[in-house]
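Okay, here's what each chain looks like letter by letter:
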Amino acid sequence: MINASNIRAATESDLAALVQSLAPELARAQLKNRFTEQRAGFRLILVLEHKNELAGTISIDPGVDRDGFTHRLFALDVGQRFRRQGFATQLIRAVEEHVLADGHTTLRLDVAIDNTAAINLYKKLGYEPVGEPTRLQWSIQTDGGSSEVIVDTCQRMVKRLG
Ligand SMILES: CC(C)(COP(=O)(O)OP(=O)(O)OC[C@H]1O[C@@H](n2cnc3c(N)ncnc32)[C@H](O)[C@@H]1OP(=O)(O)O)[C@@H](O)C(=O)NCCC(=O)NCCS
């Protein structure tokens, strides 16, 4: 359940508008892969509409931790020209509402320890670091048709909702 009128679940027809707002930081192939993963049930993608454009997006991992309560938010991206207008904050709030409405009470995320903007954002919204930073690895698709492995030292952060 999403209450914000400008935030909704994404459909594959949103791809072009997302590319327009998020390039060049995000490749089309990378965004397209998110929809492939959504189709496979690995994520739910939300988008935020602003003046007939898509200003940003966030994903919810539909799986929960072994505790049965903790969801994960990830792939939060706001287009460069839309930043510092509160859109990431709105997207995170929408995820929190969705997760609570689903009967779950905790959200977690992993953030690169050098991503000051994101760490400030999460702290401001009540997310707290848990445990020591660890090295995480994932791959992203490039428009050249290959994939690139990213390795980053990340901090886990958690918020108890409600
Ligand atoms: C991080 C990101 C999502 C923030 O989006 P945003 O819409 O600009 O964030 P908001 O406007 O909701 O910012 C809320 C608060 O976060 C913090 N913040 C956001 N951007 C910041 C920056 N560049 N530097 C320092 N603090 C920042 C501030 O506390 C801000 O409150 P303020 O504007 O009142 O000072 C955006 O910069 C982005 O897409 N970055 C690239 C992708 C990324 O790093 N995603 C997160 C991966 S974990």
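For the structure itself, consult the block above.
Each value, and the rule that gives it
Residues numbered from 1 in each chain as written. Predicted model: local features only at pLDDT ≥ 70, side-chain atom pairs only at ≥ 80, totals over all residues. Axes fitted to C-alpha atoms, helices over the stretch in contact; angles between N-to-C directions. Helix = DSSP H or I, 4+ residues; strand = E, 2+ residues; numbered from the N terminus. Parallel < 35°, antiparallel > 145°, perpendicular 65-115°, else oblique. Left-handed = near helix turned anticlockwise from the far one by under 90°. Contact = placed C-beta atoms within 7 Å. Near = placed C-beta within 6 Å. Expected span 1.5 Å × (residues − 1). Buried ≥ 20, exposed ≤ 12 C-beta atoms within 10 Å, placed from the backbone. Arc of directions from axis to C-beta. Core = buried A, V, L, I, M, F, W, Y, C linked by C-beta atoms within 7 Å.

S.K.: Sorry if this is basic, but what is going on with the packing of helix α1 (residues 15-22) against helix α2 (residues 28-39) here?
M.R.: Helices that pack against each other are described as a pair by the angle of their axes relative to one another and the distance between those axes. For the pair α1 and α2, interaxial distance at closest approach is 10 Å and the crossing angle is 140°. As summarised for this structure, α1 and α2 are arranged oblique, according to the angle between their axes. Regarding α1 and α2, the two cross each other, and that crossing is right-handed. Residue-level contacts link L15, L18, V19 and L22 of α1 to R28, L31, K32 and F35 of α2.

S.K.: I'm lost on the site of the ligand in this one. Help?
M.R.: Near the ligand lie 18 residues; those nearest to it are R83, A88, T89, A117 and L121. Examining the composition of the shell around the ligand, we find that six residues originate from one element, helix α4 (residues 116-124), more than from any other.

S.K.: So what exactly am I meant to see when it comes to α2 here?
M.R.: Helical geometry note: an α-helix holds 3.6 residues per turn, so side chains three or four residues apart project in the same direction. An ideal rise of 1.5 Å per residue puts 16 Å on twelve residues; α2 measures up with 17 Å between its terminal C-alpha atoms. Restricting attention to buried positions, one finds in α2 the residues Q30, L31 and R34. The buried residues of α2 occupy one face: seen down the axis, they fall within an arc of 100°. In α2, those exposed residues whose orientation departs by more than 90 degrees from the buried face are T36 and R39.

S.K.: Just checking my understanding: could you explain the nonpolar core for this structure?
M.R.: Note that soluble globular proteins tend to have their nonpolar side chains buried in a common cluster. Core analysis: the largest hydrophobic core is formed by 29 residues, its most contacted members being L46, L73, L91 and V95. For this core, the secondary structure elements donating two or more residues are α1, β2 (44-50), β3 (53-61), β4 (70-78), α3 (87-101) and β5 (106-112). Looking at this core, the element that brings in the most residues is α3, giving seven residues. Contacts of L91, omitting those with residues within four sequence positions, involve I7, L46, L48, G56, I58 and L76.

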